[in-house]
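Architecture at a glance
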Amino acid sequence: MNALPPVTLMLGGARSGKSRHAEALVEGQPGACVYIATAEAGDHEMAERIRRHQARRGARWQTLEEPLDLVGALRGAARSDGAVLVDCLTLWLSNLLGADRDVETETQSLVAALPGLAGPVVFVSNEVGLGIVPEGALTRAFVDHAGRLHQAIATAAQSVLFMTAGLPLALKTPA
Amino acid sequence: MNALPPVTLMLGGARSGKSRHAEALVEGQPGACVYIATAEAGDHEMAERIRRHQARRGARWQTLEEPLDLVGALRGAARSDGAVLVDCLTLWLSNLLGADRDVETETQSLVAALPGLAGPVVFVSNEVGLGIVPEGALTRAFVDHAGRLHQAIATAAQSVLFMTAGLPLALKTPA
Amino acid sequence: MNALPPVTLMLGGARSGKSRHAEALVEGQPGACVYIATAEAGDHEMAERIRRHQARRGARWQTLEEPLDLVGALRGAARSDGAVLVDCLTLWLSNLLGADRDVETETQSLVAALPGLAGPVVFVSNEVGLGIVPEGALTRAFVDHAGRLHQAIATAAQSVLFMTAGLPLALKTPA
């Protein structure tokens, strides 16, 4: 198994296999595996997705649910010696907007916290900007926020992967 | 002309040139060319698309129209000695859902049938999961089904290409 | 700084960093930098985007606003000795459709004009065909037009880049 760099960003579309691949990357590291879930089981569809994801991961995983305070969850997780998976940034962004938080400030705080983490972290996020420009101004703003967030994390990351049909494509590789 | 591996998956967006490139791959093989169309000329827009596609392909092609029983069509086509083009999986999926078929079972049957085919087959499919998450639950389910179908075929394929603006990008290459 | 080939196409999703990267490519050339904006400040959201883009570019840039006659603007810009950035083709297409122009004819005129230009040109355009097929027939037609336009420019270009999260991926490189 290869050692993960400090920060990995795993982008991809819906059902592209990005969560599964990210889990495999984290499980390839020694020590504990920490799963930070940004989703909340707000409706039946989402609860079912969370249940399926948890069933897939084994007993080696510790799960933290944190819809908003991602930096705090990362700092808490970093007290363990293992690798951390954040699944996913898109839902975190959605939660921030729903809670009227300032996305730019939150993004800067997240990027600023990354160098202080003890172990490697893998961020999973949905690429949402490759379809037709959506009609609602709020949805357009969401796409814009997601794109800027991805650029910020990709700049901070040493490894960026784009997943299609379960196949990872390296967009950025550690030097 | 390079020999095609047994299974090729050609993914890409709308008007990305994937059908044209897939046709060229199949025409590069010796023997007959079989075109399995999963589209039905149900409305004027689709009928016009089918007509344009047929006009582009020459007399060397044999066309089978099969909206649902893709495994049967592939087995029938395999009696010839040539290569087969399936265009496209996304419409097949849409037809399956419209006919209340179980997509997971159908996908497993398709994957199970692949090793038994006599000649190479190229599957064309639309990547649809890279835009904003669509609003309707049925449409979200369609995107999920498409992603899982693509993962299953990509696992079984030796070659997976992603087409953008007429330019193929190799996501998986034969060993 | 590397010399740009005569024609570069920069594709990418919303907020993928494609305009910024294209600006850097053009600024890496000697001589003047010409920015051909196809956007019109028709509403507040768009006016704000244009203002932010202009503030980002420095005094070295000359800006031409041309929503429809892109060939004329390119010929005018070519009288200078510098590189030209066209931002973006997607809005040009939208303007053509709004003005009832024939997109195929306009695309052919644009491609035919490219070999006559004095300096390098970089076209920026949005990939819009990777989400779910949109519902309206006009929107579907727009996606189809965009895909065909991208294929035509990609064929004429020596360099085609696909931008994701600020990271360029080469789809076509100069021979």
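My aim in this report is to walk through the structure given alongside it, one point at a time. (Residues numbered from 1 in each chain as written. Chains lettered and ligands numbered in written order. Predicted model: local features only at pLDDT ≥ 70, side-chain atom pairs only at ≥ 80, totals over all residues. Heavy atoms only, no water.)

A few words on the overall build of chain A. Within chain A one finds 6 helices and 7 strands. The linear arrangement of helices and strands in chain A, starting from the amino end, is β-α-β-α-β-α-β-α-α-β-α-β-β. Here the C-alpha radius of gyration of chain A, 15 Å, is about what a compact globule of 175 residues would show, namely 16 Å. Considering only C-alpha atoms, chain A reaches an extent of 45 × 40 × 35 Å along its principal axes. Split into buried and exposed, the 175 residues of chain A put 53% on the buried side. (Helix = DSSP H or I, 4+ residues; strand = E, 2+ residues; numbered from the N terminus. Rg over C-alpha atoms; globule rule 2.2 N^0.38 Å. Buried < 20%, exposed > 50% of the residue type's maximum accessible area, 1.4 Å probe, protein only.)

Another point: the interface of chain A and chain C. Every contact between the two is made by 19 residues of chain A and, on the other side, 24 residues of chain C. Carbon and sulfur atoms supply 64% of the area that chain A and chain C bury against each other, a total of about 1600 Å² over both sides. Contact with chain C buries surface across chain A, with Leu130(A), Ile132(A) and Gln151(A) losing the most and accounting together for 39% of the total. We note a salt bridge from Asp144(A) to Arg15(C), for which the minimum N-O separation is 3.3 Å. Applying the counting rule to chain A against chain C returns 5 residue pairs in polar contact (both at pLDDT 80 or more). Elements with a minimum of two residues in the side of chain A that touches chain C: α6 (137-156), β6 (159-164) and β7 (167-172) of chain A. A per-class count over the side of chain A that touches chain C returns 9 nonpolar, 5 polar and 5 charged. (Contact = heavy atoms within 4.5 Å. Buried area = accessible area lost by both parts, 1.4 Å probe. Salt bridge = Lys/Arg side-chain N within 4 Å of Asp/Glu carboxyl O. Polar contact = N/O pair within 3.5 Å; in protein donor to acceptor, adjacent residues only side chain to side chain. Nonpolar A, V, L, I, M, F, W, Y, C, P; charged D, E, K, R; others polar.)

We now examine the pattern of salt bridges. Under the definition given, this model contains 6 salt bridges over all chains. Between Glu106(B) and Arg101(B) there is a salt bridge, with its nearest N and O atoms 3.3 Å apart.

What follows covers the sheet that holds strand β4 (residues 83-87) of chain B. All names here are of chain B. Taken together, 7 strands build an open sheet; the order of strands is β3-β2-β4-β5-β1-β6-β7 and the sheet is mixed. Every interior strand has two partners, whereas the edge strands, β3 (61-65) and β7 (167-172), have only one. On average, adjacent strands in this sheet sit at an angle of 20° to one another, irrespective of strand direction. With 4 bridges connecting them, β4 and strand β5 (residues 121-126) associate as parallel partners. (Pairing = 2+ DSSP bridges. Axes fitted to C-alpha atoms, helices over the stretch in contact; angles between N-to-C directions.)

Further remarks concern the relation of the copies chain C and chain B. Between the two copies, chain C and chain B, the superposition gives an RMSD of 0.0 Å; the rotation angle is 120° and the shift along the axis is 0.0 Å. Both copies of the chain, as the preceding transformation shows, are related through a three-fold rotation axis. The C-alpha atom lying nearest the rotation axis in chain C is that of Gly131(C); the distance is 2.3 Å. (Least-squares fit on C-alpha atoms with pLDDT ≥ 70 in both.)

The interface of chain C with chain B comprises 19 residues on the first partner and 24 residues on the second. Contact between chain C and chain B buries roughly 1600 Å² in total, counting both sides, with carbon and sulfur atoms accounting for 64%. Among the residues of chain C in contact with chain B, Leu130(C), Ile132(C) and Gln151(C) are the three that bury the most area, contributing 39% of the side total. Counting across the interface, chain C meets chain B through 1 salt bridge. Connecting chain C to chain B are 5 residue pairs in polar contact (both at pLDDT 80 or more). If you list the elements that add at least two residues to the side of chain C that touches chain B, you get α6 (137-156), β6 (159-164) and β7 (167-172) of chain C. Considering every element that reaches the side of chain C that touches chain B, the biggest residue donor is α6(C), with 8 residues. Considering only residue class, the side of chain C that touches chain B consists of 9 nonpolar, 5 polar and 5 charged.

On to the side chain of Ser16(C). If you trace the backbone, Ser16(C) turns up in the loop between β1 (7-12) and α1 (18-27). Polar side-chain contacts of Ser16(C) include one of 2.9 Å to the backbone oxygen of Gly13(C). Residue contacts for Ser16(C): discarding those within four places in its chain leaves Gln151(A), Met163(C), Thr164(C), Ala165(C) and Gly166(C).

In this section: the packing of aromatic side chains. Residue and element names in this part refer to chain B. Evaluated as defined, the whole model comprises 3 aromatic pairs over all chains. Judged by centre distance (6.1 Å) and plane angle (75°), the ring pair of Tyr35 and Trp61 falls under edge-to-face. A residue pair is termed long-range when its members are at least 10 positions apart, and Tyr35 in strand β2 (residues 33-37) and Trp61 in strand β3 qualify at 26 residues. Each member of the pair, Tyr35 as well as Trp61, is classed as buried. (Phe/Tyr/Trp six-rings, centres within 6.5 Å; stacked < 30°, edge-to-face > 60°.)

Moving on: helix α1 (residues 18-27) of chain A. By the burial criterion, the buried members of α1(A) are Lys18(A), Ser19(A), Ala22(A), Glu23(A) and Val26(A). End-on, the buried residues of α1(A) take up no more than an arc of 135°, which puts them together on one face. (Arc of directions from axis to C-beta.)

Okay, the nonpolar core next. If you look at the biggest cluster of nonpolar residues, it comprises 116 residues, and the most contacted ones within it are Phe123(A), Phe123(B) and Phe123(C). The residues contacting Phe123(C), other than those within four sequence positions of it, are Val7(C), Thr8(C), Leu9(C), Met10(C), Leu74(C), Val86(C), Leu89(C), Leu110(C), Leu114(C) and Ile153(C). (Core = buried A, V, L, I, M, F, W, Y, C linked by side-chain atoms within 4.5 Å.)

The next thing to look at is unusual backbone geometry. All names here are of chain B. Cis peptide bonds are those with omega within 30 degrees of zero, and the linkage from Asp87 to Cys88 qualifies with 5°. When you line up the elements, Cys88 lands in the loop between β4 and α4 (89-98). Phi is positive for Arg15, close to 55°, though the residue is something other than glycine.

Picture the strands of a sheet paired through backbone hydrogen bonds; they go either parallel or antiparallel. All names here are of chain C. Overall, mixed pairing links the 7 strands, which are arranged β3-β2-β4-β5-β1-β6-β7 in an open sheet. Of all strands in the sheet, those bounded by a partner on one side alone are β3 (61-65) and β7. If you compare each strand with its neighbour and ignore which way they point, the axes differ by 20° on average. Docked against the sheet, α6 engages β1, β5 (121-126), β6 and β7, running at close to 140° with respect to β1.

Before going further, it helps to examine the packing of α4(B) against helix α6 (residues 137-156) of chain B. All names here are of chain B. Between α4 and α6, whose axes approach to 10 Å, the crossing angle comes to 125°. Relative to α6, α4 is oriented oblique. Crossing handedness for the pair α4 and α6: right-handed. Together, Leu89, Thr90, Trp92, Leu93, Ser94 and Leu97 of α4 and Phe142, His145, Ala146, Leu149 and Ile153 of α6 make up the contact between the two elements. When its residues are assigned to classes, the contact of α4 with α6 shows 8 nonpolar, 3 polar and no charged. (Parallel < 35°, antiparallel > 145°, perpendicular 65-115°, else oblique. Left-handed = near helix turned anticlockwise from the far one by under 90°.)

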